[in-house]
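So you can see what is in the structure, the chains are spelled out below.
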Amino acid sequence: MRSWSPRLTIRVDTAGEHTYAPTRMPSQAPEVPWALYLADSRGRFRLLCLDFDDRQGNQPGAARRAAEQVSRRLHQLDTPHLLCASGGRHSRHLWIRLAETVTATQVRSLAAAFTQKYKDTFDASGLLNPTSGCARAPGSPHRYGAPSQPLRTAGRNAADALAWADTGADPSVVDNLTAWAGGTIPASTRTDRHCDSVTLTKRLRTIDCTRGMIPGTTRPLPEHIRALAHTAPSASADTSRISWSIMLSAAHAHWSLDDITAAALTDQLPGLEHLRTESGGAGHGGRRTRKTPHDHIAHQWERALNAVAAAPATPKADVLSHARKHVRAALATAENTPFFRGSAQGFRRWAALAVIADLMYRADSTDDFELDVRRWAIAAATTKTILAATVWELIDAGWLVRTRPHSGPKAAAYRLVIPAVQKVGHKVTHPLPLAPEHALERSRAYLNHLGRDVWQHHKLGPVAAMVHWTLSVAPELSRARLRHTTGVSIDVFEGVLTVLTANRLIHRGQAVNRERVYAGVAGYLGVAGMLERRQTRYRRESKVWAWWCSEIEWRAAPATAKPSSPVRDLYGRFPTYSGGHCDWSAAMRRVAAVETQGAKASTHTTTSTP
């Protein structure tokens, strides 16, 4: 539930009187009733809890039957969700964890539709209040009875259903459920939310609510912010503004909630005075210590994280830093280079380069960057084997320089350069006459387009994805101009158009750009969910590798000075065959089992010492 929470705080009924107060996310689950916020601090919903109450006067089991009916509908849509028994014997909570946030307007329409459809059982209160709406979390005690108990859901046992729900649901399920229940979808949400609006930057610049930080390598604060933090504010200074400036910079520097809390309460940095104390008010001199400084810090830090995560790129080219100008120049050059066009492998090179460019642009740095092949492959919507070969092609062509090989759990380091001499021998292309300064935006849009399951089928692939995307952004192109723009041969081009038309991705010469169509074609071709399954497998492989590296370090240490190994504590001794060779399959199963059980990285399990 720590990973589910859209905020750094939860609400706890400490006195057992149905009075929930906000509290910083604890390290252990409270023994009293506690609830998760459904929306983040910006009022956008990350969680949906459909609450069906077993009220007096209703037919026995009405709430249970209503929840199971909705669950069957979600199962038909292949939407991950979790049923929980809550409160009374037949009361149910149906949880949906969204992969992306949705607006309060959408959720309000959903609540209205379900209130009309299930008048006697449905409680919409949590869905109507994006500020403080919450619901008792799975596993949370009830003040009068048993805890909220996960149940068998959509044919899966409780543990598998919890892991399934944890993968996240497509946000389109909100509108689907609204329409199914007979409601009206808000006009502002009827357009395709996924087209060009969900960029790679937004997907990677996420907030880790478990640790309270934007994932990345923690770095020191800039010199002028350090000076601000170590200088005591004057009596007339705006301590709130000073603290806010420091927190924004710390969030950019990948500090965690524990880091900012320690800086404010342990190190007592003068610039963070506002986090420790509050004004004494009229008639009272000086400042007084806050009653709950930890909760106040958690709330303010959450605001800072949301502000930094949603910060848009600098819109004016004349104020771009040197690093961002370098990235844009590299993409503009690559966009007009035949090396990145004309074939499936050329388009794979373009996707791999676009991932690097986006990361560097977001980091605003030309320094060497670390990126493991698995994460790189996921972002480029390909496999790690293909991505590894593509990276070496970029290195051979002079677009990348490998400055450090990988070592243990540390990924290799690279540097993005613009080669003076371009690789020749590829088909000549005639790119669209578009502004070169927008090459970054085009690369992000293409990555977003490529990140759909439908392009994973061998009949489609990178060439079909590029042809379809090009036609989407330039629907006025003739067939001949479209082929020259992509640079593919006549035979390949005609074959791709035939396949796209046969699968209804092109209709009457125009690209069909609808999520429903993408999902339907992916399901028909048998590739639905392929990217998600690959991401799950790669994530587990990375954990297994980190486990093995930790195991090697532990084994190499003398018996009297074994190092602390949280990974080994979590998973146990690395499995081996009788001859001593590593059993990688068993290790993968162990990591998968720990994930399924909802184990957290901070949990220490007792294992036997060899």
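All values reported here derive from a predicted model rather than from experimental measurement.

Basis of the calculations
- Residues numbered from 1 in each chain as written.
- Predicted model: local features only at pLDDT ≥ 70, side-chain atom pairs only at ≥ 80, totals over all residues.
- Heavy atoms only, no water.
- Buried < 20%, exposed > 50% of the residue type's maximum accessible area, 1.4 Å probe, protein only.
- Helix = DSSP H or I, 4+ residues; strand = E, 2+ residues; numbered from the N terminus.
- Arc of directions from axis to C-beta.
- Contact = heavy atoms within 4.5 Å.
- Pairing = 2+ DSSP bridges.
- Axes fitted to C-alpha atoms, helices over the stretch in contact; angles between N-to-C directions.
- Phe/Tyr/Trp six-rings, centres within 6.5 Å; stacked < 30°, edge-to-face > 60°.
- Lys NZ or Arg CZ within 6 Å of the ring centre and 35° of its normal.
- Core = buried A, V, L, I, M, F, W, Y, C linked by side-chain atoms within 4.5 Å.
- Parallel < 35°, antiparallel > 145°, perpendicular 65-115°, else oblique.
- Nonpolar A, V, L, I, M, F, W, Y, C, P; charged D, E, K, R; others polar.

A. Fine view of helix 19 (residues 515–525). Within helix 19, the full set of buried residues consists of Val517, Tyr518, Val521, Ala522 and Leu525. Considered in projection along helix 19, the buried side chains sweep an arc of 130° and stay on one side of the axis. Among the exposed residues of helix 19, those pointing more than 90 degrees away from its buried face are Arg516 and Tyr524. Looking at the packing, one finds that the buried side of helix 19 touches helix 15 (439–450) and helix 16 (461–473).

B. Quick look at the sheet that holds strand 5 (residues 82–85). The strand order across the open sheet built from 5 strands is 7-4-6-5-9, with neighbouring strands paired in antiparallel fashion. Single-partner strands in this sheet number two, and they are strand 7 (122–123) and strand 9 (149–150). In the sheet, strand 4 (residues 45–52) pairs with strand 7 via 2 bridges, with the strands oriented antiparallel. Bridge pairing in strand 7 places Phe52 opposite Phe122. Sitting on the sheet, helix 2 (residues 104–117) touches strand 4, strand 6 (92–102) and strand 7, and the angle it makes with strand 4 is about 10°. Strands in contact with helix 3 (residues 158–166) are strand 5, strand 6 and strand 9; relative to strand 5, the strand with the most contacts, it is inclined by about 130°.

C. Up close: the packing of aromatic side chains. With the rule as written, the count across this model stands at 17 aromatic pairs. A centroid spacing of 5.6 Å and a plane angle of 85° characterise the contact between Phe52 and Tyr118, whose relative ring orientation is edge-to-face. Taken together, the residues span a long stretch of sequence, with Phe52 in strand 4 and Tyr118 in the loop between helix 2 and strand 7 at a distance of 66 residues. For the ring pair Phe114 and Trp180, a centre distance of 6.3 Å and an interplane angle of 50° mean the geometry is tilted. With a gap of 66 residues between them, Phe114 in helix 2 and Trp180 in helix 4 (residues 172–180) connect regions that are remote in the sequence. Judged by relative accessible area, Phe114 falls into the buried class, the value being 0%. Put simply, the rings of Phe52, Phe114, Tyr118, Phe122 and Trp180 touch in pairs and so form one group of aromatic residues. The positively charged end of Arg7 is found above the aromatic ring belonging to Tyr37, 4.0 Å away from the centroid.

D. Representation of the pairing of strand 14 (residues 413–416). As paired elements, strand 12 (residues 369–370) and strand 14 share 2 bridges and run antiparallel to each other. From the neighbouring strand, Phe369 faces strand 14, where its bridge partner is Tyr414. Of the strand pairs in this sheet, strand 13 (residues 400–404) and strand 14 are connected by 4 bridges, and their pairing is antiparallel. Paired with Arg402 across the two strands is Tyr414, which belongs to strand 14.

E. Expanded view of the nonpolar core. If you look at the biggest cluster of nonpolar residues, it comprises 71 residues, and the most contacted ones within it are Trp376, Leu400, Tyr446, Trp455, Leu500 and Leu505. In terms of residue count, helix 12 (residues 344–363) provides more of this core than any other element does, 12 residues in total. Discounting chain neighbours no more than four positions away, the residues touching Trp455 are His449, Leu450, Leu460, Gly461, Ala464, Ala465, His468, Leu500, Leu505 and Tyr518. If you look at the next biggest cluster of nonpolar residues, it comprises 47 residues, including Phe45, Leu83, Ala124 and Val173.

F. Spotlight on the packing of helix 11 (residues 322–335) against helix 15. Running from N to C, helix 11 and helix 15 point in directions that differ by 70°, and their axes come no closer than 8 Å. In this view, helix 11 runs roughly perpendicular relative to helix 15, as classed from their interaxial angle. Two secondary-structure elements touch here, helix 11 through Arg328, Leu331, Ala332 and Glu335 and helix 15 through Ala439, Leu440, Glu441, Arg442 and Ser443. Broken down by class, the residue content of the contact of helix 11 with helix 15 amounts to 4 nonpolar, 1 polar and 4 charged.

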